[in-house]
Amino acid sequence: GSVKEGFEFDESSGLIIRAENESVNAIQTAKPKSGEVEYGPESTQHLSLHDRCQVQPGSRRGEIAYIGQIDELGSGGYWIGVILDEPLGKTDGCVNSVRYFEAPGPNRGGFFRGKNVEAGDFPEIDIFASDSEDEL
């Protein structure tokens, strides 16, 4: 039978092994995994754990609780885990039963790309504060 391209039958062991063909290896090593370049560690360098932040889209505010890779998301690269001030997220800090941080409730956490997270002076918004000067 035929062997898949990039592999060969090793008669001495009776196993199918990766071919030692330079062109196949060059193609495999030259091509980075999806998200590896655009979402590498440098994409999170402007952020630190426990920073207050604002996440786009939606100007959601919170605190950075995790910075790193998340194999369970499958798209590669680095992610920012944020504990959101309001329940506007998609998680509680878990991805496929693996806990990356502890959010205070369901939908109070989310994982975002570094380019969508801005650290700074983003205090919690007081939803009970009044912008109207007609009330005291």
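Residues numbered from 1 in each chain as written. Predicted model: local features only at pLDDT ≥ 70, side-chain atom pairs only at ≥ 80, totals over all residues. Heavy atoms only, no water.

Some details on the nonpolar core
Here is the rule: Throughout this description, the term nonpolar core refers to a set of buried Ala, Val, Leu, Ile, Met, Phe, Trp, Tyr and Cys residues connected via side-chain atoms within 4.5 Å. For every residue, the accessible area (1.4 Å probe, protein chains only) is compared with the maximum for its type, and the residue is labelled buried under 20%, exposed over 50%, or partly exposed between those bounds. Numbered from the N terminus, helices here are DSSP runs of H or I no shorter than four residues, and strands are runs of E no shorter than two. Only heavy atoms matter for contacts: two residues are in contact if any of them lie within 4.5 Å across the pair.
Ranked by size, the top nonpolar core spans nine residues in total: Leu47, Cys53, Val55, Ile64, Ile80, Val82, Leu84, Phe112 and Val117. Those elements giving two or more residues to this core turn out to be strand S3 (52-55) and strand S5 (78-84). Broken down by element, the residue count for this core peaks at three residues, all from S5. The contact partners of isoleucine 80, leaving out residues within four places of it in the chain, are Thr44, Leu47, Ile64, Tyr66, Ile67, Gly110, Phe111, Phe112, Arg113, Gly114 and Val117.

Focus: the confidence of the model for the chain
Low pLDDT means the predicted atomic positions in that stretch should not be read closely. What counts, and what does not: Confidence of the predictor in every single residue is expressed as pLDDT, which spans 0 to 100.
Considering every residue of the chain, the mean pLDDT works out to 82; 76% of them sit at 70 or more. Averaged over each element, pLDDT in the chain is lowest for helix H1 (residues 22-30) (43) and highest for S3 (98). Considering only residues more than four positions removed or in separate chains, one finds that residues 22-36, a stretch of pLDDT under 50, has 11 contacts.

Points about the environment of glutamate 124
Residue position: glutamate 124 is located in the segment after strand S9 (117-119). The exposure class assigned to glutamate 124 is exposed, which follows from its relative accessible area of 57%. The spatial distance from the C-alpha of glutamate 124 to the C-alpha of leucine 84 is 9.5 Å, given a sequence separation of 40 residues. In contact with glutamate 124, other than residues within four places in its own chain, are Arg52 and Asp85.

So, the packing of aromatic side chains
Convention followed: In summary, the pairing rule links any two rings of Phe, Tyr or Trp, Trp by its six-membered ring, whose centres are within 6.5 Å, and it sorts them by plane angle into stacked for under 30 degrees, edge-to-face for over 60 and tilted for everything else.
For the structure on display, the rule yields three aromatic pairs. With a centroid separation of 5.0 Å and 65 degrees between ring planes, the pair formed by tyrosine 66 and tyrosine 100 is classed as edge-to-face. Taken together, the residues span a long stretch of sequence, with tyrosine 66 in strand S4 (residues 60-69) and tyrosine 100 in the loop between strand S7 (98-99) and strand S8 (109-112) at a distance of 34 residues. Accessibility assignment for this pair places tyrosine 66 and tyrosine 100 in one class, buried. What links up through ring pairs into an aromatic cluster is the set Tyr66, Tyr100, Phe101 and Phe111.

Focus: a nonpolar patch on the surface
Rules: Patches in this entry comprise residues that are over 30% relatively accessible and not in a salt bridge; like charges within 9 Å are linked, as are nonpolar side chains (Val, Leu, Ile, Met, Phe, Trp, Tyr) within 5 Å. Under the convention used here, a 1.4 Å probe and the Shrake-Rupley method define accessible areas, while residue burial counts only the protein chains that appear. Any Lys or Arg side-chain nitrogen found within 4 Å of a carboxyl oxygen on Asp or Glu counts as a salt bridge.
There is a patch of nonpolar side chains on the surface, built from Phe7, Phe9 and Ile16 and spanning about 300 Å² of accessible area. Position of phenylalanine 9 relative to the elements: it lies in strand S1 (residues 7-10). Look at phenylalanine 9 and you get partly exposed, because its relative accessible area is 47%.

Notes on the sheet that holds S5
Put simply, the test is: Paired strands, as defined in this entry, are two strands with at least two bridges between them according to DSSP. To get an axis, fit a line to the C-alpha atoms, keeping to the stretch in contact for a helix; angles then go from 0 to 180 degrees between the N-to-C directions.
Here five strands make up an open sheet; going across it, the order is S8-S5-S4-S3-S9 and the pairing antiparallel. Edge positions in the sheet fall to S8 and S9, since each has one partner strand and no second. The mean inter-strand angle of the sheet, taken between neighbouring strand axes irrespective of direction, is 45 degrees.

Some points on the pattern of salt bridges
For the structure on display, the rule yields three salt bridges. A salt bridge links aspartate 92 to arginine 99; the nearest nitrogen and oxygen atoms lie 3.4 Å apart. On the basis of relative accessible area, aspartate 92 is assigned to the partly exposed category, the value being 28%. Members of the salt-bridge network, linked through shared partners, are Asp92, Arg99 and Glu102.

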